[in-house]
Amino acid sequence: MLSRSTLAYLLHAILLLLAIVSVESFAHGVDDSTRSFLENNTGVQIIPFMYIGAKHMLTGYDHLLFLVGVLFFLHRSKDVLLYVSMFTLGHSLTLMTGVLANIQVNAYLIDAIIGLSVVYKGFDNLGGFKHFLGHQPNPKIAVLIFGLFHGFGLATKIQEFELPSEGLMTNLLSFNFGVELGQLLALMFILLAINFWRKFASFDRFAQTTNTALMSAGFMLIGMQLTGYFVN
Amino acid sequence: MESNQKSRSLIKGTIISLVIATISLVLFILPAEYNIDPTGVGKSLGLTVFNSDAKTTAPTAAEQSLHSKQESVFITVPAGRGIEYKLVMKKYSKTNYEWITSTGKLYVDLHGEPKGDTTGYFESYAIATANQMKGSFTAPFEGSHGWYWKNNSDSDIQVQLVFDGDYIIEGLK
């Protein structure tokens, strides 16, 4: 019995790992054509910045993993809306202030903390905090706080390009709006998949496995980013 | 009793997730991302190809033959678009160049990107809007150096680029 559940753990984590390795090709930065645009950009460019924001969110598997963790046990649309709003509030706040106030944070360290947010949510979904601390730390506050870190992560991606101050505010707002659009699009798919799966008995059976796999993916992100920090 | 079992399964879950993460980091992710490959598994799987060392070792033989030979290329910069032509150069190696457009002016940014850099950093040596340019530059660091032309007009513009020096041609990007 024990060995069977261990096997199930392993299988699912390996599946998830394969999924991660395959999206690795997206890389997490900004691709060449986007870079050439950003380097040569002057003035206000609303749609292109929206597009970059949306694309970054949709191809940013660290943000998506966190959202999967947050949404995993939410089935009331009111809760979904509330939690997503907390996350949006958090990351918009630090994205805007981070860039406008030119707050420099190390991208690797921020991305490691984003990895930590995935581990945290996985452990939280397993009921770990409730069990060991006697109570679950307010999950809404947790989403808000981690949202702040995700926003700093988004800010570092934009700051790499030292955008001209001309039209910066509008461009940033466009980028931010694009991030929300991308998030909405990603949310639709994530919710569809989770809600569909929830109808089956396998959802409850594999809830533990999935969240353990989520934690594992978070640990990978932490390891990858911390290595990057020490190498560079 | 039940609580103990819950603790055990939580700890077990955490340890399993950590072990899987560590294994995949050491075997796959670190070799592919940073060329850190303590076990050699990454190399045997071919995951270390992403590292730029592998890319530059192949053309070094070709480098000898290209050295100092004058090259001439014609590049079309489409209307409203930008195009890059790059050379892979070692630190302190030098290239002489001259380019001229068929008609009209182009925005140009002669710049270099350090080898292996993923942050998008680059250094510009000359920025201008002109219909021709002549000069030389010495690479301040090893990496990819060259021209970015942007055609802001509404008709295609041809550029003839002539150059010689120490480099491996990377070409259009």
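A brief report on the enclosed structure follows.

What counts and what doesn't
- Residues numbered from 1 in each chain as written.
- Chains lettered and ligands numbered in written order.
- Predicted model: local features only at pLDDT ≥ 70, side-chain atom pairs only at ≥ 80, totals over all residues.
- Helix = DSSP H or I, 4+ residues; strand = E, 2+ residues; numbered from the N terminus.
- Buried ≥ 20, exposed ≤ 12 C-beta atoms within 10 Å, placed from the backbone.
- Contact = placed C-beta atoms within 7 Å.
- Pairing = 2+ DSSP bridges.
- Axes fitted to C-alpha atoms, helices over the stretch in contact; angles between N-to-C directions.
- Nonpolar A, V, L, I, M, F, W, Y, C, P; charged D, E, K, R; others polar.

1. Brief notes about the overall build of chain A
Here comes step 1: Per the secondary structure count, chain A includes ten helices and zero strands.
Here comes step 2: Order of helices (α) and strands (β) in chain A, N terminus to C terminus: α-α-α-α-α-α-α-α-α-α.
Here comes step 3: Residue burial in chain A is summarised as follows: out of 232 residues, 41% are buried.
Here comes step 4: Here the analysis covers contacts within chain A between residues at least 6 apart in sequence; of these, 91% occur between residues at least 24 apart.

2. Focus: the sheet that holds strand β4 (residues 106-114) of chain B
Two orientations exist for strands paired in a sheet by backbone hydrogen bonds: parallel and antiparallel.
Residue and element names in this part refer to chain B.
Here comes step 1: Reading across from one edge, β5-β4-β7-β2-β9 is the order of the five strands in this open sheet, with antiparallel pairing throughout. Two strands close off the open sheet at either side, each with one partner strand: β5 (123-130) and β9 (168-172). Between one strand and the next, the sheet's axes are offset by a mean angle of 15°, whatever the strand orientation.
Here comes step 2: Of the pairings in the sheet, the one linking strand β2 (residues 82-89) to strand β7 (residues 143-150) comprises eight bridges and is antiparallel in character. The residue bridging L87 from the neighbouring strand is H145, located in β7.

3. Observations regarding the interface of chain B and chain A
Here comes step 1: Across the contact, 25 residues belong to chain B and 27 residues belong to chain A.
Here comes step 2: Of all the elements in the fold, those that place two or more residues in the side of chain B that touches chain A are α1 (2-34) and β7 of chain B.
Here comes step 3: When residues in the side of chain B that touches chain A are grouped by element, the largest group, 18 residues, is from α1 of chain B.
Here comes step 4: Of the residues in the side of chain B that touches chain A, the class split is 13 nonpolar, nine polar and three charged.

4. A short note on unusual backbone geometry
Residues and elements named next belong to chain B.
Here comes step 1: Not every positive phi belongs to a glycine, and N35 is a case in point at roughly 60°.
Here comes step 2: Exposure remark for N35: the 19 C-beta atoms within 10 Å place this residue in the partly exposed category.
Here comes step 3: Backbone geometry at Y92 places phi at a positive 70°, although glycine is not the residue there.
Here comes step 4: Here Y92 is to be found in the loop between β2 and β3 (94-101).

5. Regarding the sheet that holds strand β8 (residues 157-165) of chain B
Residues and elements named next belong to chain B.
Here comes step 1: The strand order across the open sheet built from four strands is β1-β8-β3-β6, with neighbouring strands paired in antiparallel fashion. Both outer strands of the open sheet, β1 (71-77) and β6 (132-138), are each paired with one neighbouring strand and no more. Direction aside, the axes of adjacent strands within the sheet are offset by 20° on average.

6. Focus on the pairing of β2 of chain B
Here comes step 1: Both β2 of chain B and β9 of chain B contribute to a ladder of four bridges, which runs antiparallel. Looking across to β9 of chain B, one finds that V88 of chain B is bridged to I168 of chain B.

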